[in-house]
Every structure is written in structure tokens, then in C-alpha cells.
Amino acid sequence: MRPVHTALAVLVAAVWGFNFVVIEIGLGHFPPLLLSALRFLVAALPAVFFVGRPKTAWKWIIAVGVALGVAKFGLLFTGMAAGMPAGLSSLVLQVQSVFTAVLASLVLRERPGPVRVAGMAVALAGIAVAAVDGGTSGPVLGFTLVVAAAACWGVSNVLTRKASPPDALNFMVWVCTVPVLPLFALSLLLEGPERDLAALRGLDWSGVAVIAYVAWVSTVFGFGAWNHLLKRYPASSVAPFSLLVPVFGMSSAALVLGESVSGPRWVAALLLVGGVGMTSLAPARAGTRTKEAEGGAATATGATAAAAVSAGSPPAAAAASPAP
């Protein structure tokens, strides 16, 4: 990759990593489900008026919108609101690559090779270490919700893999329209209209900046820049940079929020990042290469699109991810 594009890939990873800090700050202004609804509303408007009509079947747009927008982000934001630290959230969310690989093997019949299986085992060991550390220093409920969010992200990756959208930007903009009303409804039901109105009435420049960052910087810029790189270079050259997301997430949370990073957490980070790298970047087995080739560039871009809208990093070419 050219130096300018390498710098751009690192910048996107930094943007996605810092996004967890911004979410943490935003949760001080808004209830979690309301914040998630506002994020998708601002990300979808006015972009939906410029991308044209949907180029993918509505059943896939709705399915990915529910799995990624409502379930994944609803659980992630709620878990962080329950006390899950931003840095640890950026790390634990990476286990979605394991969920994606397992679901792809069950649903898409994509058999993982020995390197990928070993990577999944290493990543799960990292989650175990993080769980033990989190159990002694953080809320168990928040940790569990973030792991559930990672599982929902894996579901959305497989759904996007099945959808194989021909235009990733068009697909993701329309996906962003799906969670808005369900999240607003859930917020009214679970968080209460009084709490929502109080948050909106107390909206200040800090709250506006949070929404602008998570919607436009993390989602629109992050996805646009990442997709630009994928159009110029192979996914195997671009995907490794997303392994920097938890590094930026944990370091920025320590610097900005003052979160401490314990020894076991660093061990968990090394295991998770290493395992995710093995899971995501290992070559496919011979039995699945033909099937992946038939998917073509549209499939690779579509799988990346599903993750780019999140606070994390995108999956590699097929479905496994190395990403909020």
C-alpha cells in the first residue's frame, strides 16, 4: 500500500477505536437506546436521498438492520451504560469474528481450516481472561451484554454475506434506516418518555458533537474511507489494520477517561487480537475457495459494509472480522 493509504487505514482504525470513548461520553447525555436511535437517524439522513433506491432485496436490508442496528447496537450501548468500560468493550466486541466463523460454517457451509480453528480457540481464551478480569473489576451484566452484541454482529455479517449487496454504500445507508423506529420505540418503552424528553431538552454542544461523531465521522467517513481502500487493494492487505481498533480503543479510554488497564487485560488483548487475526486472515480451505470466488468482490464488499457501520472494524473478505 502507498504510504498515504497506509496512513488512511491507520486513521480509520483510530477513528473506530476512539468511537468507544465518544459513546461512553454520549451515554452521559442520552439513554443508551435513544443514543443508538439518534446515531442511525443522523447517519441515514440526508444520505438516503442521495444514494438512490435500494439495490438489494428489502428482506436482507431489514434482516441486517434488525440484527446489526437494533440487536447489536442496542445491546452494546446498554452494556456500556451498565458499566462496561469503553476500552474493554472495544476489545471484547472483537469476539464477533469467532461467532461469524462458527455461524458461517453452520449456515454457509464454509468449513474453517486448522489455522482458523486454532485462532478461534486463542480468541476464546482471550475472552475467558477478559471475563475473569472483568468479573473482579467490572459488572458481569455489562460484560454479558457486550458478548451478546458480538454474537448479533456475527449474525449480521452472515446475513450480509448471503445478501451480497452490489453497492455497499447504498446497502448500508438503507440498513441505517431500519433501526431508527424500533430503537425509538424500545427507548420509549424501556427508558421512558420522561427520560428521553429530558435528554433531548438538555441537548448541548457536547451532545451534538457526540451524535455527529458516531454518525458522520465513525460511520460515514470510516466506512467511506475503508471502502475506498478495499476498492484499491486486496482485502487481505486492508483487513489487518482493523486489528488496531482495540489498541486505539483501550489506549484512548485510558488517556481520555482515565480507565486503568490491568495486566490480565493486556494478556486478554494479546490473545484476542492474535486469535482474531488468525481467524480472519487464515486462507480458506480448498472446499470453500470456489464458493467464495463465486461471491466475487460484491460479497467481500458487502461483508465489510455490515461491520463498517459499527464502532469497530470490518470483517475480512469473507465473513470473519478482525470491529463500534
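Residues numbered from 1 in each chain as written. Predicted model: local features only at pLDDT ≥ 70, side-chain atom pairs only at ≥ 80, totals over all residues. Heavy atoms only, no water.

## So, the nonpolar core
- One finds Leu76, Val92 and Leu93 to be the most contacted residues of the largest nonpolar core, which totals 80 residues.
- In this structure, valine 92 is in contact with Met84, Ile127, Ala130, Phe143, Val146, Val147 and Leu272, ignoring residues within four places of it in sequence. (Core = buried A, V, L, I, M, F, W, Y, C linked by side-chain atoms within 4.5 Å. Buried < 20%, exposed > 50% of the residue type's maximum accessible area, 1.4 Å probe, protein only. Contact = heavy atoms within 4.5 Å.)

## Observations regarding the confidence of the model for the chain
- When pLDDT is averaged along the chain, the result is 81; 84% of the residues meet or exceed 70.
- Per-element confidence in the chain ranges from a low mean pLDDT of 44 for helix α15 (residues 286-308) to a high of 96 for helix α9 (residues 180-191).
- This model gives residues 286-323 a pLDDT under 50, and the stretch forms 133 contacts once residues within four places in sequence are excluded. (pLDDT = per-residue confidence, 0-100. Helix = DSSP H or I, 4+ residues; strand = E, 2+ residues; numbered from the N terminus.)

## Section: unusual backbone geometry
- In this model, leucine 45 is joined to proline 46 through a cis peptide bond whose omega is 5 degrees.
- Counting through the fold element by element, proline 46 comes out in the loop between α2 (32-44) and α3 (58-81).
- Even without being a glycine, serine 164 presents a positive backbone phi close to 45 degrees.
- Inspection of the secondary structure assignment puts serine 164 in the loop between α7 (140-163) and α8 (168-177).
- Classification of serine 164 by relative accessible area gives partly exposed; the value is 26%.

## Details of helix α13 (residues 245-256)
- For α13, with 12 residues, the first-to-last C-alpha span of 16 Å sits near the 16 Å given by 1.5 Å per residue.
- Listing the buried residues of α13 in full gives Val245, Pro246, Gly249, Met250, Ser252 and Ala253. (Expected span 1.5 Å × (residues − 1).)

## Details of the packing of α2 against α8
- Put simply, α2 and α8 touch, their axes get as near as 8 Å, and they point 135 degrees apart. Here α2 is positioned oblique relative to α8, judged by the angle of their axes. Between α2 and α8 the crossing geometry is left-handed. In contact with Phe40, Ala43 and Ala44 of α2, α8 contributes Val173, Cys176 and Thr177. (Axes fitted to C-alpha atoms, helices over the stretch in contact; angles between N-to-C directions. Parallel < 35°, antiparallel > 145°, perpendicular 65-115°, else oblique. Left-handed = near helix turned anticlockwise from the far one by under 90°.)

## A word on the packing of aromatic side chains
- Inspection of every chain in the model, using the stated rule, returns 5 aromatic pairs.
- Taken together, a centroid distance of 5.6 Å and an interplanar angle of 80 degrees make the contact between tryptophan 58 and tryptophan 174 edge-to-face. You can see tryptophan 58 sitting in helix α3 and its partner tryptophan 174 sitting in helix α8, a full 116 residues away along the chain.
- Among the aromatic residues, those joined into a ring-pair cluster are Phe40, Phe73 and Phe77. (Phe/Tyr/Trp six-rings, centres within 6.5 Å; stacked < 30°, edge-to-face > 60°.)

## A short note on empty space enclosed by the protein
- For the largest cavity, the calculated volume is near 30 Å³.
- Forming the walls of the largest cavity are Gly87, Leu88, Met250, Ala253, Glu259, Ser260, Val261 and Arg265.
- Among the elements of the structure, α4 (86-92) and α13 are those that each provide at least two residues to the lining of the largest cavity.
- Broken down by class, the residue content of the lining of the largest cavity amounts to 4 nonpolar, 2 polar and 2 charged. (1 Å grid on protein atoms, 1.4 Å probe; cavity = no way out; pocket = protein on both sides within 12 Å on 5 of 7 lines; lining within 4 Å. Points joined across faces, edges and corners; volume = space filled by probe spheres on them. Nonpolar A, V, L, I, M, F, W, Y, C, P; charged D, E, K, R; others polar.)

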